[in-house]
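Chain and residue survey
This is what each chain is made of:
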Amino acid sequence: MRIEAKRHLCQSYGNCVAIDPEHLDLDDEGLVVVTRDSVADGELAAVQAGIRSCPVNALVLVEGE
Ligand code: SF4
């Protein structure tokens with residue numbers, strides 16, 4: 001599993017970064033960046049919580065490496 005960000009949807013709320021700083025950050029423009037897209041099995045719950053926190057559904061979890 002890995003995380004993908006639809007940066008054009010991001011509204012810079014930062015909720016996701018607060019919950020999952022291991023994978024997500026904001027760039028200089030305040031838009032989300034995926035700093036590490038791979039998701040280990042033990043991280044899945046935290047990653048899903050970060051994704052769910054986004055009010056504009058800008059983050060998705062996809063199959064594959
Ligand atoms: S919660 Fe959503 S809108 Fe907010 S920074 Fe993260 S991806 Fe962007």
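One can find the structure itself at the top, above this paragraph.
The structure presented is a predicted model; accordingly, all values stated were derived computationally and were not measured.

Rules of the game
By convention here, each chain's residues receive numbers from 1 onward along its written sequence. Since the coordinates come from a predicted model, pLDDT governs what is reported: local features require at least 70, and pairs of side-chain atoms require 80 or more to be given and counted, while whole-chain, interface and lining totals use all residues. A helix here means a DSSP run of H or I that spans at least four residues, while a strand means a run of E at least two residues long, and both kinds are numbered starting from the N terminus. A radius of gyration in this sense is built from C-alpha atoms; the matching globule rule multiplies 2.2 Å by the number of residues raised to 0.38. Exposure in this text rests on C-beta crowding, where 20 or more other C-beta atoms within 10 Å of a residue's own make it buried, 12 or fewer make it exposed, and counts in between make it partly exposed. The C-beta atoms are placed from the backbone. Nearness here has a simple definition: the residue's C-beta atom, placed using the backbone, must lie within 6 Å of the molecule or strand. Basically, the charged four are Asp, Glu, Lys and Arg, the nonpolar ten are Ala, Val, Leu, Ile, Met, Phe, Trp, Tyr, Cys and Pro, and anything else, Gly included, counts as polar. Working definition: the nonpolar core is a set of buried Ala, Val, Leu, Ile, Met, Phe, Trp, Tyr and Cys residues, joined through C-beta atoms within 7 Å. By the convention adopted here, residues make contact when the C-beta atoms placed from their backbones lie within 7 Å.

Some details on the overall build of the chain
When you go through the chain residue by residue, the secondary structure sums to two helices and four strands. Ordering the α and β elements of the chain from the N terminus gives β-α-β-β-α-β. A compact globule built from 65 residues should have a C-alpha radius of gyration of about 11 Å, and the chain, at 11 Å, falls within 12% of that. Dimensions of the chain, computed from the C-alpha atoms along their principal axes, are close to 30 × 20 × 20 Å. By the burial criterion, 22% of the 65 residues in the chain qualify as buried.

Concerning the site of the ligand
Taken together, the neighbourhood of the ligand is formed by 13 residues, with Cys10, Tyr13, Cys16, Val32 and Cys54 sitting nearest. Residue classes in the shell around the ligand are distributed as eight nonpolar, five polar and no charged.

With respect to the environment of Lys6
Secondary-structure assignment places Lys6 in the loop between strand S1 (2–5) and helix H1 (15–19). Counting along the chain gives 54 residues from Lys6 to Val60, while the straight-line C-alpha distance between them is 8.1 Å.

Here's the deal with the nonpolar core
If you look at the biggest cluster of nonpolar residues, it comprises eleven residues: Ile3, Ala5, Cys10, Cys16, Leu24, Val32, Val47, Ile51, Cys54, Ala58 and Leu59. Of all elements in the fold, only S1 and helix H2 (44–52) reach the threshold of two or more residues within this core. Not counting residues up to four positions away in its chain, the partners in contact with Ala58 are Ala5, Lys6, Leu9, Cys10 and Val32.

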